Amino acid sequence: MELLANLFQMMLDTSIDVLPIVSILFGFQFFVIRQPIPNLKRVVVGFVYVLVGLSLFLLGLEQALFPLGRLMADQLTNPAFIYGDGNAIPTVINWADYYWVYLFAFAIGFSTTIAEPSLIAVAIKANEVSGGAIGVWGLRRAVALGVAVGITLGSYRIVTGLPIHYFIISGYIVVVVQTFFAPKMIVPLAYDSGGVTTSTVTVPLVAALGLGLAETVPGRNVLIDGFGLIAFASLFPIMSVMAYAQLSELVAKRANKI
Amino acid sequence: MQHALFALFKSMLGSLRDLLPIIIVIGFFQAVVLQQPIPGFTSIVIGTLFIILGLTFFIYGLEMGLFPIGESMANAFARKGSVVWLLVFSFCLGFGTTVAEPALIAVAQEASEIAAVGGMIKNNPQAMENYADGLRFTVAFSVGLAIVIGVLRILKGWSIQYMIMGGYILVVLMTIIAPKEIIGIAYDSGGVTTSTITVPLVTALGVGLASSIKGRNPMTDGFGLIAFASLTPMIFVMAYGMII
């Protein structure tokens, strides 16, 4: 019963979030374009599906994944877990002591990105537009790998306390250099994939990890060091998607030679 | 009927496959690394079923509703030939979908706490709320502007690399002069603005425009709108941090 009430509440919340978008779409359709929408009934049913789907999805995340994910982020970053119960926390921390955290960061970055609905949407579109040249799963794996590496590096940064902009600016340089060598057709999609990866599933879990780390690592400030993981997660997929295209091109060239 | 049920079952299996990595990761860390029992097992199973069902519905709705309307509107605007209305629409779409984004509201609140602790604003609820609202509107405005720039790029056929690089240079320059406290949030704000409903719509708009304008390639010109939308918020949030 409580579950039904929760579901109803979630649908209400989602509807309120979607309302501005729907009113903009229909407002422009009726007052500016002034043409009937083709297959109006189908589109409306589609919107209802999106609404119901997103509500169920968010409710399920709240119910199952987020509490567990947050709890785990808390436990893994807890000094009692890292240094063993009862042992004193060293004043000078060694970044390598946090190996489970890095492994968790990598795994959770990869797996949440695979389940990210907006990335699925972009991958479907890219597959359709490229006439199948870009595989749905290939793109999603490439992006997920980028997010995984990004979040791992971001956790390392929080543990060591190095300034974030060094990482981000070096990342930009790599992206710029890669842009000149990557196949032309992938570049806009690669740039896009930076933004789409971080949404419903990834952000809450990753944020929990970042805040947990910044809270427990000695000498870190939650307010300053707790942020920035999302930035890593949206920069590295750009590189991994371009690298994926470069590798595919290389493989195709090799195959042609033989 | 049976056919439809079978199709539904098949796509639910697909959604289960999307979710499987998370289940494995959480299960592994819980059982092997942390060695703790999983609390509330039944509610987790029910929740997981909800996620699978939700993802399935979402993808159905995506192909039935979000993609077609994004593309049909892009086509209609291209045929109408009114650039001004197209740009107004682009701005509204970017601004309207961002301003109510829950993730952004959360980040703006956290940012106001940082600002209050850091002494950039007065440490009282009123000042913090003003700061958070200002930040939210700044980001929404910057996303609206980003979609406008991105759509103009598609119309004119400008090459995306140089525009994004220009954006990077701006971000780097702003980083040097912006207050240190705001940098982390500014960098994050680029990622959180694009929501699950905005992304398919904006992608369909870009691809639809590029396919209905002569001489544009949907692959090289259609994508890239999201890229602008995750770059401009960084610049504008740092600017906001400097002005306030």
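These figures come from a predicted structure and were not determined experimentally. (Residues numbered from 1 in each chain as written. Chains lettered and ligands numbered in written order. Predicted model: local features only at pLDDT ≥ 70, side-chain atom pairs only at ≥ 80, totals over all residues. Heavy atoms only, no water.)

Concerning the interface of chain B and chain A
At the interface, 92 residues of chain B touch 94 residues of chain A. Buried surface at the junction of chain B and chain A, summed over both partners, amounts to about 8400 Å²; 81% is from carbon and sulfur atoms. In this assembly, chain B and chain A are joined by 2 salt bridges. Its salt-bridge partner being Arg 140 of chain A, residue Asp 18 of chain B comes within 2.8 Å of it at the nearest N-O pair. Run the count over chain B and chain A and you get 9 residue pairs in polar contact (both at pLDDT 80 or more). Residue contributions to the side of chain B that touches chain A peak at 29 residues, all from helix α2 (residues 41-80) of chain B. (Contact = heavy atoms within 4.5 Å. Buried area = accessible area lost by both parts, 1.4 Å probe. Salt bridge = Lys/Arg side-chain N within 4 Å of Asp/Glu carboxyl O. Polar contact = N/O pair within 3.5 Å; in protein donor to acceptor, adjacent residues only side chain to side chain. Helix = DSSP H or I, 4+ residues; strand = E, 2+ residues; numbered from the N terminus.)

Some thoughts on the environment of Val 201 of chain A
Among the structural elements, Val 201 of chain A can be located in the loop between α8 (187-196) and α9 (202-216). The class for Val 201 of chain A is buried, based on a relative accessible area of 1%. Sequence separation between Val 201 of chain A and Leu 58 of chain A is 143 residues, and the spatial gap between their C-alpha atoms is 8.6 Å. Contacts of Val 201 of chain A, omitting those with residues within four sequence positions, involve Phe 57, Leu 61, Phe 66, Thr 112, Ala 115, Glu 116 and Pro 117 of chain A together with Ile 22 of chain B. (Buried < 20%, exposed > 50% of the residue type's maximum accessible area, 1.4 Å probe, protein only.)

Let's talk about the confidence of the model for chain B
Any segment with low pLDDT has predicted coordinates that should not be analysed in fine detail. On average, chain B scores 87 in pLDDT, and the residues at 70 or more come to 100%. For this predicted complex, the interface confidence reaches an ipTM of 0.87, while the overall pTM sits at 0.89. (pLDDT = per-residue confidence, 0-100.)

With respect to the packing of aromatic side chains
Aromatic rings considered in pairs are described by the distance between their centres and by the relative angle of their planes. The tally for this structure, following the rule as stated, stands at 21 aromatic pairs over all chains. Residues Tyr 49 of chain A and Phe 57 of chain B carry aromatic rings whose centres are separated by 5.3 Å and whose planes lie at 70 degrees to one another, so their mutual orientation is edge-to-face. Pair noted here: Tyr 49 of chain A is in helix α2 (residues 40-77) and Phe 57 of chain B is in helix α2, and the two residues belong to different chains. By relative accessible area, Tyr 49 of chain A is classed as partly exposed at 27%. Residue classification places Phe 57 of chain B among the partly exposed positions, given a relative accessible area of 24%. Consider the rings of Phe 91 of chain B and Phe 141 of chain B, whose centres lie 5.7 Å apart with planes at 70 degrees: the pair is edge-to-face. With Phe 91 of chain B in helix α3 (residues 83-99) and Phe 141 of chain B in helix α5 (residues 125-156), this pair connects stretches of sequence that are 50 residues apart. The partly exposed category is assigned to Phe 91 of chain B, whose relative accessible area is 25%. (Phe/Tyr/Trp six-rings, centres within 6.5 Å; stacked < 30°, edge-to-face > 60°.)

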